[in-house]
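# Summary of structural features
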There are 2 protein chains.
Amino acid sequence: MTRWAPDARGRLHRAAVDLFEEQGYAPTTVPQIAERAGLTTRTFFRHFADKREVLFSDDAITADAARLMREAPEGLDVLALVRDRLRTVAETTFEGSRSEVRRVRALIAADPALQERDLQKRAALAEVVRSAFADRGEDPITAALVGDLVVSVLHVALERWLDEPADDAAATPFADVIDEVLAASATLLRSATAGR
Amino acid sequence: MTRWAPDARGRLHRAAVDLFEEQGYAPTTVPQIAERAGLTTRTFFRHFADKREVLFSDDAITADAARLMREAPEGLDVLALVRDRLRTVAETTFEGSRSEVRRVRALIAADPALQERDLQKRAALAEVVRSAFADRGEDPITAALVGDLVVSVLHVALERWLDEPADDAAATPFADVIDEVLAASATLLRSATAGR
DNA sequence: TCCTTCATGACACGACGTGTCATCACAATA
DNA sequence: TATTGTGATGACACGTCGTGTCATGAAGGA
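Residues numbered from 1 in each chain as written. Chains lettered and ligands numbered in written order. Predicted model: local features only at pLDDT ≥ 70, side-chain atom pairs only at ≥ 80, totals over all residues. Heavy atoms only, no water.

- As recorded in an unreviewed UniProt entry, chain A goes by TetR family transcriptional regulator and comes from Amnibacterium setariae.

## Concerning the interface of chain A and chain B
- Of the residues lining the interface, 38 residues belong to chain A; the matching set on chain B comes to 38 residues.
- Of the roughly 3,500 Å² buried between chain A and chain B on both sides combined, carbon and sulfur atoms contribute 66%.
- Our count for the contact surface shared by chain A and chain B stands at four salt bridges.
- Between Glu116 of chain A and Arg52 of chain B there is a salt bridge whose closest N-O contact spans 2.9 Å.
- The interface formed by chain A and chain B holds six residue pairs in polar contact (both at pLDDT 80 or more) in total.
- Of all the secondary-structure elements, those providing two or more residues to the side of chain A that touches chain B are α6 (78-94), α8 (112-135), α9 (140-163) and α10 (174-190) of chain A.
- Here the side of chain A that touches chain B is built from residues that sort into 20 nonpolar, seven polar and 11 charged. (Contact = heavy atoms within 4.5 Å. Buried area = accessible area lost by both parts, 1.4 Å probe. Salt bridge = Lys/Arg side-chain N within 4 Å of Asp/Glu carboxyl O. Polar contact = N/O pair within 3.5 Å; in protein donor to acceptor, adjacent residues only side chain to side chain. Helix = DSSP H or I, 4+ residues; strand = E, 2+ residues; numbered from the N terminus. Nonpolar A, V, L, I, M, F, W, Y, C, P; charged D, E, K, R; others polar.)

## Here's the deal with the domain arrangement of chain A
All names here are of chain A.
- The domain boundaries assigned to chain A delineate domain 1 (8-54) and domain 2 (59-190).
- Computed over C-alpha atoms, the centres of domain 1 and domain 2 are 28 Å apart.
- Domain 1 puts nine residues into the contact, and the matching count from domain 2 is eight residues.
- Overall, the association of domain 1 and domain 2 removes approximately 870 Å² of surface from exposure, summing both partners, and the carbon and sulfur fraction of that is 51%.
- The three residues of domain 1 that bury the most area against domain 2 are Glu21, Tyr25 and Arg52, which together make up 58% of that side's buried surface. (Domains from an automatic or database assignment.)

## Here we look at the relation of the copies chain A and chain B
- After a rotation of 180° and a shift along the axis of 0.0 Å, chain A superposes on chain B with an RMSD of 0.0 Å. The transformation just described matches what one would write down for a two-fold rotation axis.
- Mapped onto chain B, 100% of the interface residues of chain A are again interface residues, and the two copies thus contact each other with one and the same surface. (Least-squares fit on C-alpha atoms with pLDDT ≥ 70 in both.)

## Some words on the packing of aromatic side chains
Residue and element names in this part refer to chain A.
- Under the definition given, this model contains 10 aromatic pairs over all chains.
- Each ring, one from Phe20 and one from Tyr25, has its centre 5.0 Å from the other, and the planes form 70°; the classification is edge-to-face. No difference in accessibility class separates Phe20 from Tyr25, as the two residues are buried.
- On the basis of an interplanar angle of 80° and a centroid distance of 5.2 Å, the ring pair of Phe94 and Phe174 is categorised as edge-to-face. (Phe/Tyr/Trp six-rings, centres within 6.5 Å; stacked < 30°, edge-to-face > 60°. Buried < 20%, exposed > 50% of the residue type's maximum accessible area, 1.4 Å probe, protein only.)

## Here we look at the UniProt feature "DNA-binding region" (unreviewed entry) in chain A
- The residues that UniProt annotates with the feature "DNA-binding region" (unreviewed entry) are residues 29-48 of chain A.
- Its end C-alpha atoms 14 Å apart, residues 29-48 of chain A is made of 70% helix and 0% strand. (UniProt positions renumbered as here; feature names shortened; annotations may be inferred.)

## Points about the pattern of salt bridges
- The tally for this structure, following the rule as stated, stands at 40 salt bridges over all chains.
- The residue Arg105 of chain A makes a salt bridge to Asp118 of chain A at a minimum N-O spacing of 3.0 Å. Of this pair, Arg105 of chain A sits in helix α7 (residues 98-109) while Asp118 of chain A sits in helix α8, and the two are 13 residues apart along the sequence.
- Taking the relative accessible area as the measure of exposure, Arg105 of chain A reaches 21% and is therefore partly exposed.
- The class for Asp118 of chain A is buried, based on a relative accessible area of 7%.
- Between Asp7 of chain B and Arg14 of chain B there is a salt bridge whose closest N-O contact spans 3.4 Å.
- Using a relative accessible area of 46% as the deciding quantity, one classes Arg14 of chain B as partly exposed.
- Salt bridges here are not isolated pairs; linked through shared partners, they connect Asp50, Arg52, Glu53, Arg117 and Lys121 of chain A together with Glu116 of chain B.

Now the structure itself:
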């Protein structure tokens, strides 16, 4: 028999989500989370750098993104590649877990400290994309803009996708929403007086 | 004679910047800042919600942005308006204070907690712009994308502007860098396969 | 059997941030 | 001149966050 119950990290995460939904993020203390998970406060901080991280650790989105950029098909222009990778993320990471995503997003929306951490995760994603395009030979300005564009499109599309009131089954596929938002971006930037 | 020395808030801000430059952000304690400013810890937290805010309070960038959007000339299309307002901000807020801006940016770049707060400020700016364009009748998706675009362009241009090694006098005008980055955005989104 | 590894527990501690009450210059008013 | 109110600050207590450090004991290999 094992000395400790398995998946301490997962237990802490689930206990935290439950408690945050019951009482809100701020009033929930780390000792409370640890106790519900059957662990100590010190152990909590061994698994998560701080109280906020417990909500985001599952993501692994930046790691996924780095892999997806490495596996990117060659020969596509920047925008086609962005579209291709965004649709892949939509289908593999988001499609099918709409209500779960919605749960976490609701928690984040309810607390400024969690919103800050969410922004940090988004910035990390933008940096992964920027660096990948810089490695592909894009000039630094374009690479930086593409990084921000990817994050912006993903986020705007996510909000729209989550806002649809219908059941998960009847909702618009996330990949289609991505296309819709990308088209809006293109229209926006195509207007006449772009350069000077 | 007055009971307290004037400008407590400003003294706290300056003491904090000095100490952060001398020792770094994390090792500097709030009591230390307060003492150098001739005040108590409790008074520090009356002026700033937390330790990070002491670096950002001067900005007032979102307030400026809201005003600039209210005063926006009519009849311009979205992109022309964005360019006009960004150039205004470049000239009124940034031009002429390059070294001062660089000082604060260096502090922010050196500490993750400050980067998070910086991202929060950027998000607040994006929200101001989004809401202004939504009020002007743009559809929600476009308005959200424009908010993010403004922040992205401003930030990319800022990095480029600060990176120039030359003296402040010889540096490219910030407004010109804005145009350069805007042009890169337009080129990026103009490529063929935008929509579907 | 011995030894190493590694996740966890136990404990102390400094720093952050807040609630609460006291203090006292300055202004307004009588 | 006397009184009263306002508002910024000080003083103090306190709960929570996050870290450093050492001890413990199961698992696994030699």
